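Tertiary structure, described
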Amino acid sequence: MGGLGGMMGMMGGFPQGPMKARPLIAPVECTLEELYTGVKKTIEIERLVSRRGRLEKLKETIDIEVPIGAQPREKLIQPGIGNESLQGEQGDLIAIVEMVEHPHFKRNGQHLHYEKRILLSESLTGYSFVLKSISGEKYRPKAVLERSKEADVFACLFTCHKIKSPIPKTHI
């Protein structure tokens, strides 16, 4: 066996060649609607670049493609856009999805929750309202009052009916 060099290579040894730079981490703020449809976001980053044997800071604007259904805290890796090492090796950019809180909907995994407070009298008379979904479709939920079997508690549940457009869609 070629001495210690061969053994070090077998055990992982020392890295050979220039080392890749540490990744650059940047947040990407998205609305709930943007996460639903997917979006291209423009963000500003400040990364280190190698110039004449020194590392200098460089501000850049780049586009990040956020896929449909991206999750909050999801990491979107952009190879070769991060910091550089002194040897000029390019690191990666890790864009972390941050969801801006929605005024009406709350996200729980792949589920959306919508809370609306109504009066008891409204729930007893079949209260309804128009609810616009994040995709833009309109629904008319109708209140249904139900009594819990386990306790003396009432819950008002809504059944949703999609509102049909009065103008039929035509193919052009």
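Residues numbered from 1 in each chain as written. Predicted model: local features only at pLDDT ≥ 70, side-chain atom pairs only at ≥ 80, totals over all residues. Heavy atoms only, no water.

Within the chain, the regular secondary structure consists of three helices and 11 strands. The order of α-helices and β-strands along the chain, N terminus first, is α-β-α-β-β-β-β-β-β-α-β-β-β-β. The 172 residues of the chain split such that 24% are buried. Here the chain displays about 13100 Å² of accessible surface, and carbon together with sulfur accounts for 55% of that area. (Helix = DSSP H or I, 4+ residues; strand = E, 2+ residues; numbered from the N terminus. Buried < 20%, exposed > 50% of the residue type's maximum accessible area, 1.4 Å probe, protein only. Areas by Shrake-Rupley, 256 points an atom, 1.4 Å probe, with all protein chains shown as cover.)

A few words now on the pairing of strand β5 (residues 93–99). Walk down a regular strand and you will see the side chains alternate between the two sheet faces. Two strands pair when backbone bridges link them, and strand β1 (residues 24–30) and β5 are joined in this way by seven bridges, in the parallel orientation. Following the sheet pairing, Val 28 is matched in β5 by Val 97. (Pairing = 2+ DSSP bridges.)

In this structure, strand β6 (residues 105–108) lies alongside strand β7 (residues 111–114), joined through four bridges in antiparallel fashion. Note on β7: the bridge partner recorded for Asn 108 is His 111. Where β6 folds back on β7, the antiparallel hairpin that results is connected by two residues, among which Gly 109 adopts a positive phi of roughly 65°.

Under the counting rule described, the total for this entry stands at six salt bridges. Close ionic contact of Glu 46 with Lys 57 constitutes a salt bridge, the shortest N to O distance being 3.7 Å. One end of the pair, Glu 46, is in strand β2 (residues 39–51); the other, Lys 57, is in strand β3 (residues 54–66), with 11 residues separating them in the sequence. Here Lys 57 falls in the exposed class, since its relative accessible area comes to 63%. The salt bridge partner of Glu 56 is Arg 52, with a shortest N-O separation of 3.9 Å. Shared partners join several salt bridges into a network, and the residues in it are Arg 52, Arg 54 and Glu 56. (Salt bridge = Lys/Arg side-chain N within 4 Å of Asp/Glu carboxyl O.)

Turning to the side chain of Gln 78, a few remarks are in order. Within the element layout of this structure, Gln 78 appears in strand β4 (residues 75–78). With sequence-adjacent residues up to four places away left out, Gln 78 is seen in contact with Ile 64, Asp 92 and Leu 93. (Contact = heavy atoms within 4.5 Å.)

On to the sheet that holds β1. Strand-to-strand pairing in sheets goes through backbone hydrogen bonds, with the strands running parallel or antiparallel. The strand order across the open sheet formed by three strands is β1-β5-β4, and the pairing between neighbours is mixed. Looking at which strands have only one partner, the edges of the open sheet turn out to be β1 and β4. Neighbour-to-neighbour, the strand axes of this sheet turn through a mean angle of 30°, independent of strand direction. In this structure, β4 lies alongside β5, joined through four bridges in antiparallel fashion. In the sheet register, Lys 75 faces β5, and the bridge partner there is Ile 96. (Axes fitted to C-alpha atoms, helices over the stretch in contact; angles between N-to-C directions.)

The subject of this paragraph is the nonpolar core. Residues Val 28, Ile 43, Ile 45, Ile 64, Val 66 and Leu 93 are the most contacted members of the largest nonpolar core, which totals 16 residues. Listing elements by their share of this core, those giving two or more residues are β1, β2, β3 and β5. Ranked by the residues each element gives to this core, the list is headed by β1, at four residues. Residues Leu 32, Phe 105, Phe 129 and Leu 131 belong to the second largest nonpolar core, which totals five residues. (Core = buried A, V, L, I, M, F, W, Y, C linked by side-chain atoms within 4.5 Å.)

This part covers the environment of Gln 90. Within the secondary structure, Gln 90 sits in the loop between β4 and β5. Sequence separation between Gln 90 and Arg 22 is 68 residues; the distance between their C-alpha atoms is 8.8 Å. If we skip the residues at most four places from it in the chain, Gln 90 touches Lys 20, Arg 47, Gly 80, Ile 81, Gly 82, Asn 83 and Glu 84. Among the polar contacts made by the side chain of Gln 90, one reaches the main-chain carbonyl oxygen of Gly 80 at a distance of 3.4 Å. (Polar contact = N/O pair within 3.5 Å; in protein donor to acceptor, adjacent residues only side chain to side chain.)

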